[in-house]
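Structural description and commentary
Now for the letters of each chain:
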Amino acid sequence: MDLAGFIFGVDRSRIQRWVKELLPLLEEVLGREVVLPIRRINSVEGFMARFPAVKDVFIDATERPVQRPQNGKAQSEHYSGRKKRHTLKSLVVSDESGQILILPPSKPGRRNDYFRFKQSGVGDVIPPGVAAWVDLGFVGIEKDFPALEVLIPHKKPKNGALTPEQRQENKVISHFRIRVEHSIGRIKRFRSVSDIYRNKGRQLADQFILVAAGLSNYHLRFA
């Protein structure tokens, strides 16, 4: 805000007011363009009505760093063992073209990707015939969602090795699943969702990533 204030020749408080005034307007416009991801879908029928042509979904999660909370419980909830820092985690569901279809609300980063997937309810609304492509962060999905058509890499057995066929299958899965990683990369081009989030409330951070995903989808429409 100090830098933006210097560039535009105004006080930092004016920049803060602009953010509060303009961000909701940008979200509204992106909603009118039908490029904002869905926050939650409650049924298989709802998924099919919203995304009738989708045959594959690519699922992953991303984390953004946040300032270390002062409250001890909040510190524990936000501390990501994988990132070794305090984070907010967002689950991302994209289609084959890279469009972000579903973006559940951001959550504290302590819990792993698969826990957030189960919590989001996404696995319960993916219709039969739609393949779900995931990485090894979602181990257990085949057992918990037996009706779901899952494509997940083979995990190397303890004290063992993968067969050549399994390694080849893993390579193919990674080749296709990288679409969601590209989608996340397009979101993180926006510094508002990649730099350390220094505000206290999670609502603004969640709004930032929603709008960034909407802008990414809008740009992809004209790519």
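The present account deals with the structure reproduced in this document. (Residues numbered from 1 in each chain as written. Predicted model: local features only at pLDDT ≥ 70, side-chain atom pairs only at ≥ 80, totals over all residues. Heavy atoms only, no water.)

Here's the deal with the pattern of salt bridges
All told, the structure shown has 13 salt bridges when counted by the stated rule. A salt bridge links Arg12 to Asp2, with the shortest nitrogen-to-oxygen separation between them at 2.7 Å. Here Arg12, found in helix α2 (residues 12-32), pairs with Asp2, found in helix α1 (residues 2-8); they are ten residues apart in sequence, far enough to count as distant. For Asp2, a relative accessible area of 53% corresponds to the exposed category. Where Arg32 meets Glu28, a salt bridge forms, and the shortest distance between an N and an O atom there is 2.6 Å. Within this pair, Arg32 and its partner Glu28 are both found in helix α2, separated by four residues, close to a single helical turn. In this structure Glu28 comes out as partly exposed when scored by relative accessible area, which is 41%. Salt bridges sharing partners connect three or more residues here, namely Asp60, Asp135, Arg177 and Glu181. (Salt bridge = Lys/Arg side-chain N within 4 Å of Asp/Glu carboxyl O. Helix = DSSP H or I, 4+ residues; strand = E, 2+ residues; numbered from the N terminus. Buried < 20%, exposed > 50% of the residue type's maximum accessible area, 1.4 Å probe, protein only.)

Comments concerning the packing of aromatic side chains
Think of a pair of aromatic rings as described by two things: how far the centres are apart, and how the planes are tilted against each other in angle. Here the structure, examined in full by the defined rule, presents nine aromatic pairs. The interplanar angle of 65 degrees and the centroid separation of 5.3 Å between the aromatic rings of Phe47 and Phe51 together place this pair among those described as edge-to-face. Arranged with centres 5.6 Å apart and planes meeting at 75 degrees, the rings of Phe117 and Phe145 form a pair that is edge-to-face. Taken together, the positions of Phe117 in helix α5 (residues 113-120) and Phe145 in the loop between α6 (141-144) and β7 (149-151) put the pair 28 residues apart, joining distant regions of the chain. The structure contains a cluster of three or more aromatic residues connected by ring pairs, namely Tyr114, Phe117, Phe138 and Phe145. Cation over ring: Arg111 sits above Phe115, and NZ or CZ is 4.3 Å from the ring centre. (Phe/Tyr/Trp six-rings, centres within 6.5 Å; stacked < 30°, edge-to-face > 60°. Lys NZ or Arg CZ within 6 Å of the ring centre and 35° of its normal.)

A short note on empty space enclosed by the protein
Tallied over the entire structure, the rule returns two cavities of 30 Å³ or more. Here the largest cavity is characterised by a volume of approximately 80 Å³. Around the largest cavity sit Thr62, Glu63, Arg64, Leu88, Lys89, Ser90, Ser106, Ile187, Lys188, Val193, Ala205 and Ile209, which together line it. Taken together, the elements giving at least two residues each to the lining of the largest cavity come down to β1 (56-65), β3 (85-94) and α8 (202-221). In the lining of the largest cavity, the residues fall into five nonpolar, three polar and four charged. Taken together, Arg39, Arg40, Ile41, Ile102, Pro104, Ser120, Val122 and Val125 form the lining of the second largest cavity. (1 Å grid on protein atoms, 1.4 Å probe; cavity = no way out; pocket = protein on both sides within 12 Å on 5 of 7 lines; lining within 4 Å. Points joined across faces, edges and corners; volume = space filled by probe spheres on them. Nonpolar A, V, L, I, M, F, W, Y, C, P; charged D, E, K, R; others polar.)

What to know about the layout of surface pockets
In this approach a probe as big as a water molecule rolls over the atoms, and the regions it shows empty are the leftover space. The space that makes up the largest pocket amounts to roughly 940 Å³. Considering the residues around the largest pocket, the lining is formed by 25 residues, among which Met1, Ile15, Val19, Asn199 and Phe208 are closest to the centre. The biggest single contributor to the lining of the largest pocket is α2, with nine residues. Its residues placed into classes, the lining of the largest pocket shows 14 nonpolar, four polar and seven charged. Surrounding the second largest pocket, 16 residues form its lining, Gln67, Pro69, Gln70, Asn199 and Lys200 being those nearest its centre. Of all the elements, helix α4 (residues 72-78) adds the most residues to the lining of the second largest pocket, at three residues. By residue class, the composition of the lining of the second largest pocket is five nonpolar, six polar and five charged.

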